[in-house]
Amino acid sequence: MMRPRDHLLRRMASDLIGPLGGEHEEIRVWPSDQYISGILYPASIEDHPEDDEDADASDDDDGNPGGTVPMSLMRRPNVMGLSFALHADRPRVLIRAHAAVYRHQATPNDPAASLSWKRTPLALSPPDVVEVRDGLHSIPAGTVGRWWIRGVRTTDGWQATIALENVARPAPGRIASEEQHLFQIGFEVEAAEGTRIIARRPRLDHATDEDGKTNDLVYRDAEEWAVGHTCAASWRDVPENPVVETTWMPEQVVPSMSADGHAVFREEAAKRTFRGGSCFDAETLADAPDATVLRTLLEAVPNAYARWLQDVATRVETLERQGTLSADACAQARDNLKVADGVLARIRAGIAHVTSAEAPEVRRAFQLAQRAMLIQRRWGDQKPDTALGWRPFQLAFLLLALGGIAAPRGPNGTPSPDRNVMDLLWFPTGGGKTEAYLALTAFTLILRRLRQPSPDQGAGVAVLMRYTLRLLTVQQFERASRLVMACEHLRRVALAQGDGSLGTVPFGIGLWVGNKATPGKVAEARADVEEAKKARQLARCPACNHAPLAWDTQKRSPQYRVECRNAKCPLHGEPLPVYTIDEDVYRSQPGLVIGTIDKFAQIVRKPESNQLFHAPGGPPELIIQDELHLIAGPLGTVAGLYEVAIDLICRRDGVGPKIVGSTATIRRAKDQVRQLFNRDVLQFPPPVRDASDSCFAVVDHEAPGRLYAGVTTAGRSPKFILQAVCASLL
């Protein structure tokens, strides 16, 4: 049964490639304006200014020169092809092709018909079976094309490339040229009798680096049957009777991953409950009465992971004995198991920190962080009985990373090794990465106060959370505000009950982004309506969801204050410690500052930004870098220079900040993190043997998976393509 997304893609293919009106359609626009992909142009085609949306654009959207490549420097393709592998002594294949041309309909007595074009299907398939032999040879493809067949003998068969060329040489003028365009062109190849199409051999350079070796192992069952040239390639009926074919809109379904993890987590959790609550329940963890109960609950995570790792190690030994897994793959699997053993050891160490009798403030900070996360979830759902169930990877990441915060120095007084490692949370989009590092944020904010002789000495900027895109930063600000306000609620409640252990200084959050998004000074927000709108980044109260909030309630105050006027709100009665103006952020030094990576360039131009790094509690201890994969190219080069200064500013007595990051997709993370932060990296969850199961994430065969689709756009400008795709989707 076709899903709605399949219908959407079929319609897009008709819109962008055609034919939209059937085999013999008639259209009233230039065919190359109607259809933007699936075209082979004549070899000597002349570009027309009206075809090039970027012909006069030498700057990009931000006014930077060189933002696009002029169409005059781009070649429109007149050849497309496929490469694939064959097994036979004398390989032979069947080629089936389809294409069409559009003929101009000229009617002198009807001016409107001068824009009419009639579709005419073409027969381009070779009439006979095609032989693949050493070298290059060609055969005609009707009067407008030519087939090129190249064969290379290999140790286990043949590598073949079949290409189709548009050899037309039209007369001058756009109409003549347009009539020689080959539209909706494509072909498929099937093996003839005595020949088999086989999967292509992996590229030899895959195993030259650590990422490549691991990918070769975990994706060892993924096969490539063809590769396209100009176009993309697809295949069907593999491996029984493979057919490889060209496509201008390649599609790939990436299986959904379940964040519930392997069954071993549920088995271990069933053994550990407290008052009927699960070990993955935030409220149960927050209510654990002592270290012994808390340790018993938390040990479900490392015990389950240890069982899974032992099963994987046993399986690798079995596959090696059977010869199913190569020696290189087995060696890489054992290397991966060593990394995973290190992860397991750090999770156990995190539990030891949380339950240590020598540092009870760590356990209290952990449990208060659980309480804060539960409160913010209930505020978000606006349901007082909502439960917060941790996914195994979230709780494991928290235990893994908190050691660097709980114990910045080792037993011998040297900096903790955890501070020199960036923990990179690698998980699919929507899996819950944000909750994992928000919990670590709450733990850091609270622990800084609990471990000081006077709690207010732990106030100030403790956590820097950075994004690369301003829009993404503002979106995440609302979620983070809810957490920080939950911490503030706990502080107010404790203070009202006579418990001053969390201090008198509010837990606050600051938004530190470019002044195109938020004002730089309070006076600007008060003097200009548009600047005031930019300052009001929260539309609703984080606690009660009341709207609108009351902004700038005290005009004589140097701060731009915000309050919730709902008398039933748990935060009613005092200003919300939310700061969205640079001047307020510097003055208030909120515990969490969310900013864009480019904003940190201000540290060399604005002396007042120095206040973010010199709070009563010392410099920030935790840096969270979201969407790490976006820090690449020129941005990464510049960011790496600033990171040297930021790392130095955040050091205290020789101990640098703890850095964690998150990403949904990345390659060569080790090199990138070393160049950016001068640290080793631990990717979590680490890959071990199979891409379908990392213990913390397993393939969900019941879910439909995420469908990715591309549009081949050779010879057309990016803006032209984007407009056409959006028009089809809308």
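Along each chain, residue indices are assigned from 1 in the same order as the chain's sequence is written. Local features in a predicted model are, by the rule used here, given only for residues with pLDDT of at least 70; side-chain atom pairs are given and counted only at 80 or more, and totals for whole chains, interfaces and linings are based on all residues. The side-chain values count all of the structure's non-hydrogen atoms but skip hydrogen atoms and water molecules.

What follows deals with the overall build of the protein chain. Under the scheme used here, helices are H or I runs from DSSP no shorter than 4 residues and strands are E runs no shorter than 2 residues, and both carry numbers assigned from the N terminus. From N to C terminus, the protein chain includes 20 helices and 29 strands. Each principal axis of the C-alpha distribution contributes one length, and for the protein chain these read about 90 × 75 × 45 Å. Each residue gets one of three labels from its accessible area relative to the maximum for its type: buried under 20%, exposed over 50%, partly exposed in between, using a 1.4 Å probe on protein chains only. Across the 730 residues in the protein chain, those meeting the buried criterion constitute 51%. Only carbon and sulfur atoms are counted for the fraction: they give 51% of the accessible area of the protein chain, which is about 33500 Å². For the protein chain, the centre of its 85 positive side-chain charges and the centre of its 91 negative side-chain charges are spaced 5 Å apart. Accessible surface area values rest on a Shrake-Rupley calculation with a 1.4 Å probe, where residue burial reflects the displayed protein chains alone. None of His or the chain ends enter the tally, which takes Lys and Arg as positive and Asp and Glu as negative. To locate a charge, take atom NZ for lysine, CZ for arginine, CG for aspartate or CD for glutamate.

For an α-helix the count is 3.6 residues per turn, leaving residues at separations of three or four pointing the same way. The set of residues buried in helix 19 (residues 669–677) consists of Ala669, Gln672, Val673, Leu676 and Phe677. Down the axis of helix 19, the buried set is contained in an arc of 95°. They therefore lie on one face. Opposite the packed face of helix 19, turned more than 90 degrees from it, sit the exposed residues Lys670 and Gln675. Downstream of helix 19 by a residue or two, Asn678 has a phi angle that is positive, lying close to 55°. The reported arc concerns the directions from the helix axis to the C-beta atoms and nothing else.

In this analysis the probe radius is 1.4 Å and the grid spacing 1 Å, with only protein atoms considered; a cavity is a set of points the probe fits into but cannot get out of, a pocket is an open set with protein on both sides within 12 Å along at least five of seven lines, and lining residues have an atom within 4 Å of a point. Grid points are joined across faces, edges and corners, and a volume is the space filled by probe spheres set on the points. Going through the model one piece at a time under the given rule, you end up with three cavities of 30 Å³ or more. Taken as a whole, the largest cavity spans an internal volume of roughly 50 Å³. Polar here means any residue outside two lists: the nonpolar Ala, Val, Leu, Ile, Met, Phe, Trp, Tyr, Cys and Pro, and the charged Asp, Glu, Lys and Arg; Gly therefore counts as polar. Grouping the constituent residues of the lining of the largest cavity by class yields five nonpolar, four polar and one charged.

Time to look at the side chain of Gln589. For Gln589, the location among the structural elements is in the loop between helix 17 (582–588) and strand 24 (592–596). By relative accessible area, Gln589 is classed as buried at 16%. Contacts described as polar in this section are N or O atom pairs within 3.5 Å, which, within protein, must combine one atom able to donate a hydrogen with one able to accept it, while residues neighboring in sequence count only if both atoms come from side chains. A distance of 2.7 Å separates the side chain of Gln589 from the backbone oxygen of Gln611, its partner in a polar contact. For Gln589, the contacting residues outside a window of four places in its chain are Gly460, Val461, Asp584, Gln611, His614, Ala615 and Pro616. We call two residues in contact whenever any of their non-hydrogen atoms come within 4.5 Å of each other.

In this section: the sheet that holds strand 19 (residues 463–467). Spatially, eight strands are ordered 23-20-24-19-25-26-18-27 in an open sheet, and the strand pairing comes out parallel. The sheet is open, and its two edges are formed by strand 23 (578–579) and strand 27 (680–684), each paired on a single side. When DSSP locates at least two bridges between a pair of strands, those strands are taken to pair. Relative to strand 26 (residues 658–663), strand 18 (residues 421–426) is paired through four bridges, and the arrangement is parallel. Bridged to Leu425 within strand 26 is Ser662. An axis is simply a line fitted to the C-alpha atoms; with a helix, the fit covers only the stretch in contact. Between two such axes, the angle follows the N-to-C directions and lies from 0 to 180 degrees. In the packing of helix 19 onto the sheet, contacts are made with strand 18, strand 19, strand 25 (622–625), strand 26 and strand 27, and the angle to strand 27 comes to roughly 135°.

Most of strand 8 (residues 157–166) sits out of view: eight of its 10 residues are buried. Relative to strand 8, strand 2 (residues 79–87) is paired through eight bridges, and the arrangement is antiparallel. If you follow Ser83 over to strand 8, its bridge partner there is Thr161. Pairing analysis gives 10 bridges linking strand 7 (residues 145–154) to strand 8, with the strands arranged antiparallel. For Thr154, the partnering residue across the bridge sits in strand 8 and is Gly157. Connecting the antiparallel pair strand 7 and strand 8 is a turn made up of two residues.

A separate point is a nonpolar patch on the surface. Taken together, Leu8, Leu729 and Leu730 make up a surface patch of nonpolar side chains, about 350 Å² in accessible area. Classification of Leu8 as partly exposed rests on a relative accessible area of 43%. Think of a patch as exposed residues, more than 30% relative accessible area, with no salt bridge, where like charges cluster within 9 Å and nonpolar side chains (Val, Leu, Ile, Met, Phe, Trp, Tyr) cluster within 5 Å. By convention in these notes, a salt bridge is any Lys or Arg side-chain nitrogen within 4 Å of a carboxyl oxygen on Asp or Glu.

Right, let's talk about the pairing of strand 7 for a bit. Relative to strand 7, strand 6 (residues 135–141) is paired through seven bridges, and the arrangement is antiparallel. Across the sheet, residue Ala141 finds its bridge partner in strand 7, namely Gly145. Hairpin connection, strand 6 to strand 7: the antiparallel pair is bridged by three residues, and Gly142 has positive phi, about 65°.

Here we come to the packing of aromatic side chains. Any Phe, Tyr or Trp ring, taking Trp's six-membered ring, that has another such ring centre within 6.5 Å forms a pair; planes under 30 degrees apart are called stacked, those over 60 apart edge-to-face, and the others tilted. Scanning all chains against the criterion turns up 14 aromatic pairs. Taken together, a centroid distance of 6.3 Å and an interplanar angle of 35° make the contact between Trp551 and Tyr560 tilted. Overall, Trp551 belongs to the buried group, its relative accessible area being 11%. A ring pair is formed by Phe684 and Phe696, whose centres lie 5.0 Å apart and whose planes are at 55°; its orientation type is tilted. Note that Phe684 is positioned in strand 27 and Phe696 in the loop between strand 27 and strand 28 (698–699), a separation of 12 residues in sequence. Members of the aromatic cluster, joined through ring pairs, are Phe265, Phe280, Tyr305, Trp308, Phe397, Phe684 and Phe696. Cation placement over rings: the criterion is NZ of Lys or CZ of Arg within 6 Å of the ring centroid and within 35° of the ring normal. When the ring centre of Trp30 is taken as origin, the NZ or CZ atom of Arg174, which lies over that ring, is 4.0 Å away. Looking at Arg449, its charged tip hangs above the ring of Phe507, at a distance of 3.9 Å from the centre.

Further remarks concern the nonpolar core. Ranked by internal contacts, the top residues of the largest apolar core, which has 120 residues, are Phe366, Phe443 and Phe696. A total of 11 residues in this core trace back to one element, the largest contributor, which is helix 13 (residues 433–450). If we ignore the near neighbours within four places in the chain, the residues touching Phe366 are Leu294, Leu298, Val354, Leu395, Leu398, Leu399, Leu402 and Phe443. For this analysis, a nonpolar core means a set of buried residues of the types Ala, Val, Leu, Ile, Met, Phe, Trp, Tyr and Cys, connected via side-chain atoms within 4.5 Å. In terms of nonpolar packing, the next biggest core, distinct from the first, is built from 43 residues, Ile17, Met80, Ile162 and Met249 among them.

Moving on, we get to the environment of Ile149. Its location among the elements puts Ile149 in strand 7. Since its relative accessible area comes to 0%, Ile149 is described here as buried. Taking C-alpha positions, Ile149 is 8.2 Å from Arg133, a pair spaced 16 residues apart along the chain. Apart from the residues lying within four places of it in its own chain, the contact partners of Ile149 are Val130, Glu131, Val132, Gly135, Leu136, His137, Ile139, Thr161 and Ile162.

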